[in-house]
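Coordinates in review
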Amino acid sequence: MFHIKTLNPISEVGTGRLPADRYTVAADVPAPDAVLVRSADMHTYDLEDSLLAIGRAGAGVNNIPVDICSQHGIVVFNTPGANAGGVKEMVLCGLLLSSRKVPAALQWVQTLKGRGDEVGKLVEKGKKQFVGPELAGKRLGVIGLGAIGIRVANTARHLGMEVMGYDPYMSVDAAWKMSRAIIHAKDLAEIYTTCDYITLHVPYTKDTAAMIDAQVIASMKPGARILNFARGELVDSQAVLSALDSGHLGCYVTDFPQDCLLGHPGVVAIPHLGASTPESEDNCAVMAVEELRDYLENGNIKNSVNLPAATMVRSGTARLCVIHQNIPAMISSIAAAVSDAGLNVENLLNKSRGEYAYTMIDVNAAVPQPVLQQIAAIDGVVRVRAI
Ligand SMILES: NC(=O)C1=CN([C@@H]2O[C@H](COP(=O)(O)OP(=O)(O)OC[C@H]3O[C@@H](n4cnc5c(N)ncnc54)[C@H](O)[C@@H]3O)[C@@H](O)[C@H]2O)C=CC1
Ligand SMILES: O=C(O)CCC(=O)C(=O)O
């Protein structure tokens, strides 16, 4: 029986794929084999000794202590692209909200309640406060051309916008999906200095923290609008507020409200709704559950953020799964323990990623406990199990 602990509500379309005779899924599991999480902060979470894997039903993993998980041999998965459609639509909504002053206009029109027959006349008189530019013909800068950035860039082209993208690490797969009409920015300065709207779609890491600071904002076009559906930490909120106060920035749309931003007329604050659609929630849950299940039952790794991709068709009677440091002589030491026990290797796969590597060995008989202990004791082995 596998025990899955949920730290956030997870769509039952996903958890329903875990057979009830082999899995328990609950918020209060004492010794979980795996955790399913959305945005809950795991930096203060006590990682149980039993924990083999974490499934992040979403893209960003900054809420998970990934390095510490690696040290404990806990595989962290995310669900690339599974909520990108939902976020893309919210970004389009953000573009319109920022341009046409919709939130302020909606608030204002409510103040006319009780004015009876005058309402129509007051609307026509008051609407001029909310004039805002059309998107067509304006330039949108997209920073980060991954699952979300590409969708935003391609769709903005259909709205008649000129789109400039920046992503120095863009994958070949992603490049294939991008419209050829997107202009490639040589550097970020080109985006900052020439775009009317700038939208952020990069992960929050130590390199991207506060990437939008006072200096960067000062280099932007007067009236520029910034959209942040990536992470609050990418933007220096105080610098944004000063630039809104001085009139240099036109608007800041954020999916990550902070106390200091709330109530400012130039800020459109959305309560982290980018991925809050039934479709995205279902997609993320299904993908995270399938990744966890394949790892728990077969040791296969797909869409991990800390260990290499490794998938091998099952053969033999049992499978040894070893997470170890990426150093010389690991495979020979593990294989020696296997052959000393009289086990025959039916199939073997070894993959590495940075400091860590992963070896799966299919053998012709059940692996005795002492052999597992012997492998666990090899210098450089982080975690071993037999399935
Ligand atoms: N508001 C919401 O509800 C959601 C927010 N997000 C946030 O959006 C981020 C992006 O999500 P996806 O597009 O799905 O991820 P992704 O991994 O598909 O794309 C991220 C892209 O950013 C690029 N990148 C990384 N560092 C960069 C840098 N310094 N400059 C330019 N490009 C850089 C990568 O090469 C990659 O192409 C997530 O990390 C997460 O923080 C994701 C989903 C939902
Ligand atoms: O689960 C959510 O609603 C958050 C989505 C998100 O921010 C992400 O996938 O990075």
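Residues numbered from 1 in each chain as written. Chains lettered and ligands numbered in written order. Predicted model: local features only at pLDDT ≥ 70, side-chain atom pairs only at ≥ 80, totals over all residues.

By the naming in an unreviewed UniProt entry, the protein chain is D-3-phosphoglycerate dehydrogenase, taken from Neobittarella massiliensis. For the record of the protein chain, the UniProt heading Function (unreviewed entry) holds the text "Catalyzes the reversible oxidation of 3-phospho-D-glycerate to 3-phosphonooxypyruvate, the first step of the phosphorylated L-serine biosynthesis pathway. Also catalyzes the reversible oxidation of 2-hydroxyglutarate to 2-oxoglutarate." Entered under Sequence similarities (unreviewed entry) in the UniProt record, the comment concerning the protein chain runs "Belongs to the D-isomer specific 2-hydroxyacid dehydrogenase family." (UniProt positions renumbered as here; feature names shortened; annotations may be inferred.)

This brings us to the domain arrangement of the protein chain. Its domain assignment divides the protein chain into domain 1 (1-82 + 277-306), domain 2 (84-269) and domain 3 (308-387). Measuring from the centre of the C-alpha atoms in domain 2 to the corresponding centre in domain 3 gives 49 Å. (Domains from an automatic or database assignment.)

The next subject is the nonpolar core. Within the largest apolar cluster, 54 residues are counted, with the highest numbers of intra-cluster contacts made by Ala 34, Ala 53, Ile 54, Val 75, Ala 288 and Leu 320. By residue number, the principal contributor to this core is helix H11 (residues 278-298), which donates 8 residues. Here this core gathers at least three residues from each of two domains, domain 1 (1-82 + 277-306) and domain 3 (308-387). Dropping the residues within four chain positions of it, Ile 54 is found in contact with Ala 34, Val 35, Val 37, Ile 64, Cys 69, Ile 74, Val 76 and Phe 77. Formed by 51 residues, the second largest nonpolar core is a distinct cluster that contains Ile 143, Val 202, Ala 224 and Val 268. (Core = buried A, V, L, I, M, F, W, Y, C linked by C-beta atoms within 7 Å. Buried ≥ 20, exposed ≤ 12 C-beta atoms within 10 Å, placed from the backbone. Helix = DSSP H or I, 4+ residues; strand = E, 2+ residues; numbered from the N terminus. Contact = placed C-beta atoms within 7 Å.)

This paragraph deals with the site of ligand 2. Around ligand 2 sit Arg 38, Ser 39, Gly 58, Ala 59, Gly 60, Asn 83, Ala 275 and Ser 276, and that is every residue in its neighbourhood. Grouping the constituent residues of the shell around ligand 2 by class yields 2 nonpolar, 5 polar and 1 charged. (Near = placed C-beta within 6 Å. Nonpolar A, V, L, I, M, F, W, Y, C, P; charged D, E, K, R; others polar.)

Right, let's talk about the pairing of strand S10 (residues 224-228) for a bit. Among the 5 residues in S10, 5 count as buried, and that is most of the element. On S10, burial covers both faces: Ala 224, Ile 226 and Asn 228 on one face and Arg 225 and Leu 227 on the other are all buried. Of the pairings in the sheet, the one linking strand S9 (residues 197-200) to S10 comprises 4 bridges and is parallel in character. From the neighbouring strand, Ile 198 faces S10, where its bridge partner is Ile 226. In terms of strand pairing, S10 meets strand S11 (residues 249-254) through 5 bridges, oriented parallel. Of the residues in S11, the one forming a bridge with Ile 226 is Tyr 252. The parallel pair S10 and S11 is bridged by helix H10 (residues 237-246), and the resulting crossover is right-handed. (Pairing = 2+ DSSP bridges. Right-handed = clockwise from strand over helix to strand, strands pointing away.)

Our next topic: unusual backbone geometry. At Lys 101, a residue that is not glycine, the phi angle is positive and equals roughly 55 degrees. Relative to the helices and strands, Lys 101 resides in the loop between helix H3 (84-100) and helix H4 (102-110).

Around ligand 1 lies a shell of 33 residues, among which Gly 60, Gly 144, Gly 146, Pro 203 and Gly 274 are the nearest. Of all the secondary structure elements, the ones that give two or more residues to the shell around ligand 1 are H3 and helix H6 (147-158). With 3 residues, the top contributor of residues to the shell around ligand 1 is H6. Here the residues of the shell around ligand 1 sort into 19 nonpolar, 10 polar and 4 charged. Taken domain by domain, the makeup of the shell around ligand 1 includes at least three residues from each of domain 1 (1-82 + 277-306) and domain 2 (84-269).

Time to look at the pairing of strand S6 (residues 139-143). Counting buried residues along S6, 4 of its 5 residues qualify, which places the element largely inside the surrounding structure. Pairing of S6 with S9 involves 4 bridges; the strand directions are parallel. Following the sheet pairing, Leu 140 is matched in S9 by Tyr 197.

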